[in-house]
Structure formats: C-alpha cells, structure tokens
Amino acid sequence: MELQEAVKGYEEQLLKSLQESIRIRSVQGEASEQYPYGKGVQDCLDHALKTAEALGFATIDLDHQMGWCEYGEGEEMVAVLGHLDVVPEGDGWSFDPFGGEIRDGKVFGRGAMDDKGPTIAALYALAALRDSGFPIRRRIRLLFGTNEETGSNDMKYYRSHGGEIPVMGFTPDGEYPVINGEKGLINVNFSRNYTQDGDVRILEIHGGSAPNVVPAEAKAKVVCPAELAASLLKKSDDRIQYEKTEEGVQITAAGLSAHGATPELGVNAIGLLLEALCELPLSEEADRWVRFLEEKIGLETKGTSLGIEMADEISGNLSLNLGTLEGDDHSAALEINYRYPVTKSYEDCAQILEQAFADAGFTKTGERHKKSLYVPEESELVQTLLGVYADHTGLEPIPKSIGGGTYAKAIPNIVAFGPIFPGDEVREHKPDEFIEVEKLMKNAQIIAEAMYRLAK
Ligand SMILES: [Zn+2]
C-alpha cells in the first residue's frame, strides 16, 4: 500500500484517539510515587500506550516518567519526540477545553496543537508506515513525553536511566520548515543587601512577573520630602507616573511587554523605573546598585554595556531581558533571562556578566542553563526533513534559528519539525486552541514520510 494512502486510511481512528486524549486533563498535578507528574498526566500516558498496543506496537512505561512505542529492527534508532502534558486551560474559552469538539473542520481543546495532535498523528503515521511494508533499516521509536511544559524532567529521567539516544530524530513541537538552531538559554538570579540613610529612601520595588517576559509595569515607593514630591508630580508623562503618598511618592513605569526571546520588541518597564530612580538624590549605597543596573542594562537588550554583546550569522545577537526586580528598604533581588547565539557558549558570556554583578556587590542566588542547539543545514537530518517538507508542501525549505527553546533540547540529535506551517494562526497556550483536521492529516503524512526517509 502507498504510504500516503495508508495514512489517510487512519483518519477516523486518529481523530477519535485525539479526542480521547484531549478529554484527559493532563496538566501537571500533585506528585506521588505512582504519578510523578500527577494522575491526569499518567492517565494520558496510559491512553497513548494502550492505543499504541491496540495498533500492535510494543510499548514501555519508564517508571511513569514517560513512555514509548517502537517499530522495526536494526542497530540504530531514530526517534520522534512528542509530549502529552498540557498547560492549564486558563480563561476565555468558547468551547470545552477538554471536550475535543470537532467543528468547522477543527479539533478544539487544550493540547490539540501542543502537542497531543502531532503526537497522536505520529502514532498513526508509524502504523501506516508499518502497514505499507516499506523496508527500514533503523528502528523507529515514538517517545511520549509527559513533562515538556514544566521542566522536561521526563527526558532528564530517560537520559539518566539509560534511555537509548537516537542517531537522529525530530520533535513535532515547534514549526516548519525545520528549526535547526536554538540559542543557549540562561536564567540567573542576583540579590544584594544595602543600607540607606538621608531623607530620600527606597521603600519598595516591584517589577515584572517572569524572567522570560519583558515587564510591562514596574513600581517603586520612595520616601522623600514634600517639596521634592511636589516637583516630581509635575514630571509625570505617559511612561512614568508619580503619585503622592504619605511618605513621599509612588513611581509607576509603563513599558511594553514582549517575549523574553525578542526583548527588542518591547520596552522594559524596570529599565524606565531605574532611569527615574537615578534622578533622585538617593543615599550612596542605594544609588550605587540602582545606577549600576541602569547603566549596565537599563533599556538595553543585547548586553552591550555588560560587555557580552555577541552575534553569529546563523542566529543573530545575544538577547538579554531584565525580567523581574523586587526590593525593599534594605535588599534587592532580580532575575535576568539571556540567550546566547548558537555557535557561542556559556563560557563566552556567563562569567563576564557574573563578574560585573559581583563587582557591584550582588550575589548570585540561582541559575538555570540550557545549552544552545545547532544541527548544520548540510546534515543528513536537516536535509532529509527539508526534502520531505518541500515535497509535501511545495514551499521553500529554509531552516530557521530561534531564540526560544523547544523540546528538541531535551535529548541529543533532535530538531524541531512542525506542526505549525508558515502563516498558521498560533493558538498554543491560548484559549480556543485548535488544529485543523486537514493540517493534522498533513502533519501525519509528513511525519510518516520523514520517519520512513530517516529510517530507510
Ligand atoms: Zn509543546
């Protein structure tokens, strides 16, 4: 049987399985020994494994951390990595987020696109490939991840418990044509204590909510004499608002939010607030750290004044976002999210940044690092996937580099491939998430062909 015909033949079953999967609320829940990511997640994994068994595949549940099914024989293995966990539904739905309703040619529900749709599509793609009888020389393993949205601890477990590393593979949890470069990602926390005297003093600072979001608002309460407060009130504009308080003024900075991977598209409200604070006659130690942050970061988004500006041709410049700043009258804490180009390394930037903060009296209190990912365009993996994409869409197969991190970073030798086509409406993590039935089937066909060409 022709492979594409075989995929089409599974449409009804695929839709039914996807609906069943969406109806299981697989948001990370309370952990127990039996359910490390909560019962909903385990139920959803059980469903996928049962569906795979019913299709005739051997399956494994790796200590309830994740699971897989496999087809074929051979020394080497190629992998498709999907995930069954979802982000919480949130508000604003016009459909049941866990209903799996099909209307106007779209499957609605949390996970329809991210990532249950593509994962279940991959399962039926594998069945179609087997039915077609095409010979393959590598095994194909479909990995069912369960913790992509909240830390990828599922794949850390897989790697640390002897999980086989594929020779090549892809995750349908990004976009087409292929994402072959992902910047390195560092979240770092600093804090410091300080003393204040004099009649102008910081009482409180609150800015931002997450390291990977450009803060839209930042506020500070400052003690100051009535005369100074009166003159500040006159300086209010659309970015900085001063309001009178009992002790002095409250300063509110209004920026523009953007994703932390593209801070240049936003205006950092913390940066604006720091500018305003620098104009006040703060006492020495307060002035020192406020001025340091203003001068070394402020509204910058490339780490220029910190001395870590760098770029490469594949992925562009290092990006930096001062995501949160919290303080009171004697301490300040902040979190920075920065992303270095794919051909650079942690060593190229982290020490320089840390030294600058140490010199200004800050202590590093936390750090998370995800290495950059880069698979050359000329590689067998990227060339094969680009070929499949071009053959099935007629569109230009140009690989992409991004600032964000995909599930591809969770295990070696993987790139993100699909499920989103250029120009598609992206409803991941939003209300009324959906995938068009037609696009779902297109994904299944592309995945089947990609599995075959990588394994043959
Ligand atoms: Zn995802």
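Rules used in this analysis
Residues numbered from 1 in each chain as written. Predicted model: local features only at pLDDT ≥ 70, side-chain atom pairs only at ≥ 80, totals over all residues. Heavy atoms only, no water. UniProt positions renumbered as here; feature names shortened; annotations may be inferred. Helix = DSSP H or I, 4+ residues; strand = E, 2+ residues; numbered from the N terminus. Donors = N, O, S within 2.8 Å, 3.2 Å for Na, K, Ca; no water. Tetrahedral: all angles 85-135°; square planar, octahedral: opposite > 155°, others 65-115°. Buried < 20%, exposed > 50% of the residue type's maximum accessible area, 1.4 Å probe, protein only. Salt bridge = Lys/Arg side-chain N within 4 Å of Asp/Glu carboxyl O. Domains from an automatic or database assignment. Contact = heavy atoms within 4.5 Å. Polar contact = N/O pair within 3.5 Å; in protein donor to acceptor, adjacent residues only side chain to side chain. Nonpolar A, V, L, I, M, F, W, Y, C, P; charged D, E, K, R; others polar. Pairing = 2+ DSSP bridges. Axes fitted to C-alpha atoms, helices over the stretch in contact; angles between N-to-C directions. Expected span 1.5 Å × (residues − 1). Arc of directions from axis to C-beta.

As recorded by an unreviewed UniProt entry, the chain carries the name Dipeptidase PepV and is attributed to Hominiventricola filiformis. Within the UniProt record for the chain, the comment given under Cofactor (unreviewed entry) is "Zn(2+)".

Engineer: Please clarify how the UniProt feature "domain: Peptidase M20 dimerisation" (unreviewed entry) in the chain should be interpreted in this entry.
Structural biologist: Feature annotation in UniProt places "domain: Peptidase M20 dimerisation" (unreviewed entry) on residues 137-227 and 248-356, given in this structure's numbering. With 31% helix and 28% strand, the stretch residues 248-356 has end C-alpha atoms that lie 32 Å from each other.

Engineer: Looking at this structure, I do not really get the coordination of the zinc ion. What am I missing?
Structural biologist: In an ideal tetrahedron of four donors about a metal, each angle is 109.5 degrees. In an ideal octahedron of six donors, the angles are 90 or 180 degrees. Each protein donor to the zinc ion is listed here as His83 (NE2), Asp114 (OD), Asp173 (OD) and Asp173 (OD); together their distances run 1.9 to 2.5 Å. Considering all 4 donor atoms around the zinc ion, angles at the metal cover 54 to 143° and the coordination shape is irregular. Counting along the primary sequence, the residues that act as donors to the zinc ion give the motif H-x30-D-x58-D. Of the two residues, aspartate 114 is situated in the loop between β5 (106-108) and α4 (116-132) and aspartate 173 in the loop between β7 (168-171) and β8 (174-175); the sequence distance between them amounts to 59 residues. Of the two residues examined, aspartate 114 and aspartate 173, each falls in the buried class.

Engineer: Mind showing me how you'd approach the pattern of salt bridges here?
Structural biologist: Think of it this way: side chains of opposite charge can pair up when their charged atoms draw near. This structure, assessed with the given rule, holds 24 salt bridges. When the shortest N-O distance is used, the salt bridge between glutamate 89 and arginine 25 registers 3.0 Å. Here glutamate 89, found in the loop between β3 (77-83) and β4 (102-103), pairs with arginine 25, found in the loop between α2 (11-22) and α3 (39-54); they are 64 residues apart in sequence, far enough to count as distant. Overall, glutamate 89 belongs to the partly exposed group, its relative accessible area being 21%. We classify arginine 25 as partly exposed; its relative accessible area is 41%. Residue arginine 453 pairs with glutamate 449 through a salt bridge whose shortest N-O separation is 2.8 Å. Placement of both arginine 453 and glutamate 449 in helix α11 (residues 437-455) is noted, with a separation of 4 residues, approximately one turn of the helix.

Engineer: Would you take a moment to explain the domain arrangement of the chain for this structure?
Structural biologist: When the parts of a complex come together, some accessible area is lost, and that lost area is often taken as the interface size. The domains assigned to the chain are domain 1 (3-182 + 373-455) and domain 2 (185-370). Here the C-alpha centroids of domain 1 and domain 2 sit 39 Å apart. Listed as interface residues are 8 residues of domain 1 and, on the opposing side, 6 residues of domain 2. At the boundary of domain 1 and domain 2, one finds 0 salt bridges. At the boundary of domain 1 with domain 2, the tally comes to 1 residue pair in polar contact (both at pLDDT 80 or more). Every element with two or more residues in the side of domain 1 that touches domain 2 is listed here: β9 (179-182) and β20 (373-374). Its residues assigned to classes, the side of domain 1 that touches domain 2 comprises 2 nonpolar, 4 polar and 2 charged.

Engineer: Where do I start with the sheet that holds strand β17 (residues 319-328) in this structure?
Structural biologist: What links the strands of a sheet is backbone hydrogen bonding, and the strands pair in either a parallel or an antiparallel sense. Here we have 8 strands laid out as an open sheet, ordered β13-β14-β12-β11-β17-β18-β10-β19, and antiparallel in their pairing. The open sheet is flanked by β13 (240-244) and β19 (363-370), the only strands paired with a single partner. Between one strand axis and the next, the sheet turns by 20° as a mean value, whatever way the strands run. Pairing of strand β12 (residues 217-223) with strand β14 (residues 248-254), which is carried by 7 bridges, proceeds in the antiparallel orientation. When the sheet's bridge partners are listed, alanine 218 is paired in β14 with alanine 253.

Engineer: What's the story with the pairing of strand β1 (residues 58-62) in this structure? I'm lost.
Structural biologist: Each regular strand shows side chains that alternate between the opposite faces of the sheet. Relative to strand β2 (residues 66-71), β1 runs antiparallel, the two sharing 5 bridges. What sits directly across from threonine 59, in β2, is cysteine 69. Taken together, β1 and the strand that follows it, β2, pair antiparallel across an intervening segment of 3 residues, in which aspartate 63 is found at a positive phi of about 50°.

Engineer: I'm lost on the sheet that holds β4 in this one. Help?
Structural biologist: Sheet architecture is open: 3 strands sit in the order β4-β5-β24, paired in antiparallel fashion. In this open sheet, the two edge strands, each paired with only one partner strand, are β4 and β24 (434-436). The pairing of β5 with β24 spans 3 bridges and is classified as antiparallel. From the neighbouring strand, valine 107 faces β24, where its bridge partner is isoleucine 435. α2 contacts β4, β5 and β24 of the sheet and is inclined by roughly 20° relative to β5. Seen against the sheet, α11 touches β4, β5 and β24 and runs at an angle of roughly 75° to β24.

Engineer: So what exactly am I meant to see when it comes to helix α9 (residues 346-359) here?
Structural biologist: A turn of α-helix holds 3.6 residues, and therefore any two residues three or four places apart point the same way. With 14 residues, α9 should reach 20 Å at 1.5 Å per residue; the first-to-last C-alpha distance of 20 Å fits that figure. Buried residues of α9: Tyr346, Cys349, Ala350, Leu353, Ala356 and Phe357, and no others. The buried residues of α9 all sit within an arc of 140° when viewed along its axis, so they share a single face. In α9, the exposed residues that point more than 90 degrees away from the buried face are Glu347 and Asp359. On its buried side, α9 packs onto β10 (184-193), α8 (284-296), β17, β18 (331-340) and β19.

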